[in-house]
Amino acid sequence: MATAVTEQAPGSLTPSRVRVWAPLVMTTAAAAAAAVVIASVDPHEPGHYPTCPFLAVTGEWCPGCGSLRAINSLLHGHVAGAFERNPLVPLALPFLGFTYVMWVLRLTGKTSWSPTLIPARAVWVLLGTVLAFWVLRNVPGWTFLSPD
């Protein structure tokens, strides 16, 4: 009994291609939707977004406080305003962009780079930077790091 073999066109959607590309497509769509919402609903106005739970409970700024306002400022072309709200956001964007581009290149077979290739030392430096930022933005006299 012969089994019929169906050939797929080179660019056709197969279940395995969908499984590989779906996370990238969904991440891109979610980021685009979030950017539209953050650009159109001003986080500088009180009441548009919920208060940070850490700030609400402790009264102290967390490393993410001011991120929505920083992203809103960036989306409106105000880089200085983004740095004033949360300097980690504009500093992190080149790294996030690089990771996104490398993800696309890996899926297209143009590179084998993976985030797992990032040295452990770099991850520890990033963690230390975020923790230092968290502490310093709550130190009296370092108000230039607070999102207000």
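Structure's up top.
Sequence order as written defines the numbering, with residues in each chain counted from 1. With pLDDT at 70 or above as the cut-off, local features in this predicted model cover only qualifying residues; side-chain atom pairs require 80 or more to be listed or tallied, and sums for whole chains, interfaces and linings still use all residues. To get the side-chain values, take all heavy atoms of the structure and skip hydrogens and water.

K.L.:
Would you mind showing me how to read the overall build of the protein here?
P.N.:
Regarding its fold elements, the protein presents six helices and zero strands. Helix and strand definitions here come from DSSP, where helices need a minimum of 4 consecutive H or I residues and strands a minimum of 2 consecutive E residues; each element is numbered from the N-terminal end. Starting at the N terminus and walking to the C terminus, you meet the elements of the protein as α-α-α-α-α-α. Reported as C-alpha extents along the three principal axes, the dimensions of the protein are approximately 80 × 40 × 30 Å. When each of the 148 residues of the protein is scored for burial, the buried share is 20%. Contacts are assigned to residue pairs that have any heavy atoms within 4.5 Å of one another. Long-range pairs, those at least 24 residues apart, make up 51% of the contacts in the protein with a sequence separation of at least 6. Only the protein chains shown count as cover for residues, and all accessible areas are computed by the Shrake-Rupley method using a 1.4 Å probe. Surface exposure of the protein reaches about 10400 Å², of which carbon and sulfur atoms provide 71%. Working definition: with a 1.4 Å probe on protein chains only, accessible area under 20% of the residue-type maximum means buried, over 50% means exposed, and in between means partly exposed.

K.L.:
In this structure, what is going on with the side chain of R85? I would like to understand it.
P.N.:
With respect to the secondary-structure elements, R85 resides in helix α4 (residues 79–85). No salt bridge is formed by the buried R85, whose closest oppositely charged neighbour, E84, lies at an N-O distance of 5.1 Å. The charged-residue count follows a simple rule in which Lys and Arg add positive charge and Asp and Glu add negative charge, with His and chain termini not counted at all. The term salt bridge refers to a side-chain nitrogen of Lys or Arg lying within 4 Å of a carboxyl oxygen of Asp or Glu.

K.L.:
Please explain helix α5 (residues 88–107) as it appears in this structure.
P.N.:
Because each turn of an α-helix spans 3.6 residues, side chains separated by three or four positions in sequence point in the same direction. A helix's residues, less one, multiplied by 1.5 Å, set its expected span. With 20 residues, α5 should reach 28 Å at 1.5 Å per residue; the first-to-last C-alpha distance of 28 Å fits that figure. Values of bend correspond, residue by residue, to the angle between axes fitted over the seven residues ending at that residue and the seven starting there. Residue P94 marks the point of greatest curvature in α5, where the axis turns by about 25°. Against α3 (67–75) and α4 lie the buried residues of α5.

K.L.:
Explanation requested: the packing of α3 against α5 in the structure shown.
P.N.:
Helix-helix packing is characterised by the crossing angle of the two axes and by the distance between the axes. Running from N to C, α3 and α5 point in directions that differ by 65°, and their axes come no closer than 9 Å. Here α3 is positioned roughly perpendicular relative to α5, judged by the angle of their axes. Of the two elements, α3 crosses α5, and the hand of that crossing is right-handed. Between α3, through S67, A70, I71 and L74, and α5, the contact on the second element is made entirely by V89, P90 and L93. Each residue is assigned to one of three groups, with Ala, Val, Leu, Ile, Met, Phe, Trp, Tyr, Cys and Pro labelled nonpolar, Asp, Glu, Lys and Arg labelled charged, and all others, Gly among them, labelled polar. By residue class, the composition of the contact of α3 with α5 is six nonpolar, one polar and no charged. Fitted lines through C-alpha atoms give the axes, limited to the stretch in contact for helices. The angle between two N-to-C directions lies from 0 to 180 degrees. Any angle that is under 35 degrees is reported as roughly parallel, and any over 145 degrees as roughly antiparallel; angles of 65 to 115 degrees are reported as roughly perpendicular and all others as oblique. Crossing handedness follows the turn of the near helix against the far one: under a right angle anticlockwise gives a left-handed crossing, and clockwise gives a right-handed one.

K.L.:
Is there a simple way to think about the packing of aromatic side chains in this case?
P.N.:
The description of two aromatic rings rests on the distance between their centres and on the angle between their planes. Think of it this way: a Phe, Tyr or Trp ring, Trp meaning its six-membered ring, pairs with another when their centres are within 6.5 Å, and the plane angle makes it stacked under 30 degrees, edge-to-face over 60, tilted otherwise. Taken as a whole, this structure holds four aromatic pairs when the rule is applied. Seen in terms of ring centroids, F54 and W134 are 5.2 Å apart; in terms of plane orientation they differ by 75°. Their pairing is edge-to-face. In this pair, F54 sits in helix α2 (residues 53–58) while W134 sits in helix α6 (residues 120–136), placing the two residues 80 residues apart along the sequence. Since its relative accessible area comes to 31%, F54 is described here as partly exposed. Classification of W134 as partly exposed rests on a relative accessible area of 29%.

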